[in-house]
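Residues per chain, in single letters:
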Amino acid sequence: MKKTLVIIAAAAWSLSAGAADKVKVGFISTLSGPNAAVAVDIRDAFNLAIKLNGGKLGGLPAEVLVGDDQMKPENAKQLAERYLRLEKVDFITGTVFSNIVVAIAPDVIASKTFFIAPNAGPASYSGAQCNPFFFVSSWPSEAYSEAAGQYVTAKGIKKVLFLAPNYVGGTDAATGFKRYYKDKLVDEMYTKLGQLDYAAELSQIRAAKPEALYVFLPGGMGVNFIKQFVAAGMSTEMQLIVPLWGADQDIIRAVGDPMLGLFSVGHWTIDMDNPANKKFVAEFQKAYNRLPTGYAASGYDTAMLMDAAVRKVKGKIEDKEALRAAIKAAEFKSVRGEFKFGPNQYPVQNYYLQLVGKGADGRLVHKTIGTVLQNRADAYSQDCKMK
């Protein structure tokens, strides 16, 4: 009798070994503090995609474990360790800031778990350090700034000042901007990450008298800077250019009409004319009673990328090589239109010039007014020797 039971148990095990019974995702993000709006948008859009898929990813029930890193690398590392060792997650995602990504990526990669970054795509993993287990579903961290540099160069603007926080993402932004901006910067200024008072910086900027100011300040930093910039009357003195998220819906909601006429550059806009984007914008607005941001767009695409990959391997997510190939194939309908990965598993995509204007319903929204960079990968993909 015991022998029969053993045979039955073994048979049951062999049947279940072919595919997982669910997909587990470790979602590590900055969900508290002045920059929480970024993570909330990524999380809400990620969860929305799963909800619209019936609570599943690739046909398997999805379990999403959400942790707040509080923008502290040591917290993120603790969360990653728990999700990787105890929870045995299949994916890690959710990260907002580059310093968080570089803090946890080595542990995620070492565990042979797939890390899909939905926001920051640090340059350090796009070249010689590229890895089969590291993907970026949003944009390389230098790309928005490359597009801004290309825009001011094409416009013939000669006196430009650069401002960013002093962290990995900020220095990547400077590198990207200077790659395409052909003249010497008036100044290159760095603030503390998370800084909210810019009185001293605004005084220095006014004294420098640039024609244009390119500002790379995510989340609450950007909200406060633009409010203080407009209040100081400086919006009439120089052209302000920002990345997509520097003039996105979270900023628009906080600042209001003074945002009109502000230029930004990004890989997605709310007015993109494709079925996936139209569905996403409508469903996000219905679910959360607000318009989505670029952060949300990347969060949604990240979930849809996972969904397509798990479906392609028919739920056999334990086959790491097959799952990696399925992720890289990116066979999903992106809200940005065409989506493809380069050899380093970073996106190859267009970057657009946008203007904040009023939509048909009177609300402030981004309007796409041109393409700045077309099919842009990144500057380091040729250094990636990944097989």
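The preceding data block contains the structure.
Here goes a summary of the coordinates provided. (Residues numbered from 1 in each chain as written. Predicted model: local features only at pLDDT ≥ 70, side-chain atom pairs only at ≥ 80, totals over all residues. Heavy atoms only, no water.)

**Comments concerning helix 7 (residues 199-208)**
Along helix 7, the positions that sit buried rather than exposed are Glu-201, Leu-202 and Ile-205. All buried residues of helix 7 project into a common sector of 100° when viewed along the axis, lining one side. Immediately downstream of helix 7, the backbone of Lys-209 shows phi near 55°, a positive value. (Buried < 20%, exposed > 50% of the residue type's maximum accessible area, 1.4 Å probe, protein only. Helix = DSSP H or I, 4+ residues; strand = E, 2+ residues; numbered from the N terminus. Arc of directions from axis to C-beta.)

**Considerations on the packing of aromatic side chains**
Working definition: an aromatic ring pair is given by the centre-to-centre distance plus the angle between the planes. Under the defined criterion, the tally for this structure stands at 26 aromatic pairs. Between Phe-115 and Phe-134 the ring centres are 5.3 Å apart and the planes differ by 65°, which places this aromatic pair in the edge-to-face class. Of this pair, Phe-115 sits in strand 5 (residues 114-117) while Phe-134 sits in strand 6 (residues 134-136), and the two are 19 residues apart along the sequence. There is no split in this pair, since Phe-115 and Phe-134 are both buried. Centre to centre, the rings of Phe-177 and Tyr-181 are 5.5 Å apart; their planes meet at 35°, and the pair counts as tilted. A residue is classified by how much of its surface remains accessible, and Phe-177, at 0% relative accessible area, is buried. Put simply, the rings of Phe-91, Phe-114, Phe-133, Phe-135, Phe-332, Phe-339 and Phe-341 pair up and form one aromatic cluster. (Phe/Tyr/Trp six-rings, centres within 6.5 Å; stacked < 30°, edge-to-face > 60°.)

**Quick look at the state of the cysteines**
Evaluated as defined, the whole model comprises one disulfide. Cys-130 shares a disulfide with Cys-384; S-S distance 2.1 Å. Where Cys-130 bonds to Cys-384 through sulfur, the torsion about that S-S bond is close to 90°, and the disulfide is right-handed. Note that Cys-130 is positioned in the loop between strand 5 and strand 6 and Cys-384 in the segment after strand 14 (364-376), a separation of 254 residues in sequence. Assessed through its relative accessible area of 10%, Cys-384 is described here as buried. (Disulfide = S-S within 2.5 Å.)

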